[in-house]
Amino acid sequence: MNKTRKAAALISGGLDSLLAAKVILDQGIHVEGINFFTGFCVEGHTHAIRKKDKAKPKRNNALWVAEQLGIKLHIIDIIEEYKDVVINPKHGYGSNLNPCLDCKIFMVHKAKEWIQEHGFDFIVTGEVIGQRPKSQRKDTMPVIARESGADELLLRPLCAKNLPPSKPELEGWVDRNKLHGFGGRTRKPQMALAAQFGLRDYAQPAGGCCFLTDRQYSQKLADLWKARGSRRYELDDIMLLKVGRHLRPRPHFKMIIGREDGENKFLHGYRKQYTHLFTRSHKGPLVLIDGEVTQEDIDLAAQIAARFSQGRNAAKVELEVQWLQGDRQTLSVVPIAVEAIEKDWYL
Amino acid sequence: VSDYELDARRMLCPMPVIRTQDKVEQLKPGDTLCVVCTDPGAVHDIPAWCRVNGHQVTDIQQHEEEIRISVLVCDGQ
């Protein structure tokens, strides 16, 4: 009797990884999903924070995919280890601070470790040659296999026919004839295959699932590194970059200004870690101050905060300041004029 | 009353799910775990994680911002 082979499929929550896992599942392979959490994943967080996004589905797409496929999903926290990928990418960044090639190598490497620990036979990814400009190219596909250490244990079912056979194909664990030869940026073959499988309602690809591909987010991260004088971050830092307006009115401090109730509530959770202020006379934002500030700085921050409150046109706005050291202070300020807020303060 | 309690307050998804997963791995079938969280996404994600990994959500209580999700650890099949 043939041994049932086991594959670990990297599940991002998008269509390609769903299809890749399904193709292998349909060949009688036992498949379980792995989803890596880097801290930069677009999934969930922002939807959960902002009230305006309440109507969006809160589902975790990777879990949704696993449920559609009827497979187990292991969500793995790689936040700490991933820092080195973001800070020192051997292959460099894409158009923003996205280290896509190093990221893929790292994830496949972690998957290799996982299959060894759990007695699985090979790894499945949804990569397609030519689909992404940095990490999914004909010349980078072998780099990922080689540098991750997965080598011939890495199977890409959606474009396998355009690649040399992997071990699962050579050993006859999977039938190469039932794999695919997709290529290029077109999504049509994937959509056709999804329709063939009767899959609808899958997550639409929209610039990837990682904040590091976002220009504005990358600018905020670069600013954080510059202000600190070193390229380092903690999870809270990268979470806060996803929330609120970020203004740096002076090189030594930044303001994080809640844009609505959901964000104010989220920022409220950080109030003990930062000097912060909020309006008392009018409805307005909660503002965290990142950096060491003087009274003069706080006076400026209060005027800016007042501008973003409902008292923006009032003669005076009253605010409460809670200094990081614990002191409380009440200020009454004139909201700063719109034209006095310099464009380059916005991050 | 659950056998174990997990504090996942202020964590945003998927962290409550990851912490639940890590805790469940240490428990045995029949144990019960109460996950206390504040991210509304957990109301969807923890039950989904339980469904795909063969465990059961037996109760969800929400009081103001705090959500309490009770999980019965099964054999994972």
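Further up the page is the structure itself.
Reading the values: the criteria
Residues numbered from 1 in each chain as written. Chains lettered and ligands numbered in written order. Predicted model: local features only at pLDDT ≥ 70, side-chain atom pairs only at ≥ 80, totals over all residues. Heavy atoms only, no water. Helix = DSSP H or I, 4+ residues; strand = E, 2+ residues; numbered from the N terminus. Buried < 20%, exposed > 50% of the residue type's maximum accessible area, 1.4 Å probe, protein only. Contact = heavy atoms within 4.5 Å. Buried area = accessible area lost by both parts, 1.4 Å probe. Salt bridge = Lys/Arg side-chain N within 4 Å of Asp/Glu carboxyl O. Polar contact = N/O pair within 3.5 Å; in protein donor to acceptor, adjacent residues only side chain to side chain. Nonpolar A, V, L, I, M, F, W, Y, C, P; charged D, E, K, R; others polar. Pairing = 2+ DSSP bridges. Axes fitted to C-alpha atoms, helices over the stretch in contact; angles between N-to-C directions.

Can you explain unusual backbone geometry? Please cite residues and give values.
Between Cys 13 of chain B and the following residue, Pro 14 of chain B, the backbone shows a cis peptide bond with an omega angle of 10°. Along the polypeptide, Pro 14 of chain B turns up in the loop between β1 (4-8) and α1 (15-25). Unusually for a residue other than glycine, Asp 201 of chain A sits at a positive phi of about 65°. Its relative accessible area of 53% is what places Asp 201 of chain A among the exposed residues. The phi angle at Glu 64 of chain B is positive, at roughly 50°, despite the residue not being glycine. Examined against the element boundaries, Glu 64 of chain B turns out to sit in the loop between β3 (56-63) and β4 (66-72). With a relative accessible area of 67%, Glu 64 of chain B lands in the exposed category.

So what's going on with the interface of chain B and chain A? Which residues, and what values?
Taken together, the 21 residues of chain B in the interface contact 25 residues of chain A. Together chain B and chain A conceal approximately 1900 Å² of surface at their shared face, both sides included; 60% is due to carbon and sulfur atoms. Across the chain B-chain A interface, the total number found is three salt bridges. Of the charged contacts in the structure, one is a salt bridge between Glu 65 of chain B and Lys 265 of chain A, with a shortest N-O distance of 3.6 Å. Counting across the interface, chain B meets chain A through five residue pairs in polar contact (both at pLDDT 80 or more). For the side of chain B that touches chain A, the leading source of residues is helix α2 (residues 42-53) of chain B, giving seven residues. The residue inventory of the side of chain B that touches chain A, partitioned by class, reads 10 nonpolar, five polar and six charged.

Break down the sheet that holds strand β7 (residues 253-257) of chain A for me, with residues and values.
All names here are of chain A. With antiparallel pairing, the six strands of this open sheet are ordered in space as β6-β7-β9-β8-β10-β11. Here the strands that pair on one side only, and so sit at the sheet edges, are β6 (245-250) and β11 (328-333). For this sheet the average axis-to-axis angle between neighbouring strands, irrespective of direction, equals 25°. Bridge analysis of β6 against β7 gives four bridges, and the strand direction is antiparallel. Bridging across to β7, His 246 finds its partner in Ile 256. Sitting on the sheet, helix α11 (residues 261-268) is in contact with β7 and β9 (286-290), with an inclination near 45° to β9. The sheet contacts of helix α12 (residues 295-307) involve β6, β7, β8 (275-279), β9, β10 (317-322) and β11, and relative to β11 the element is tilted by about 55°.

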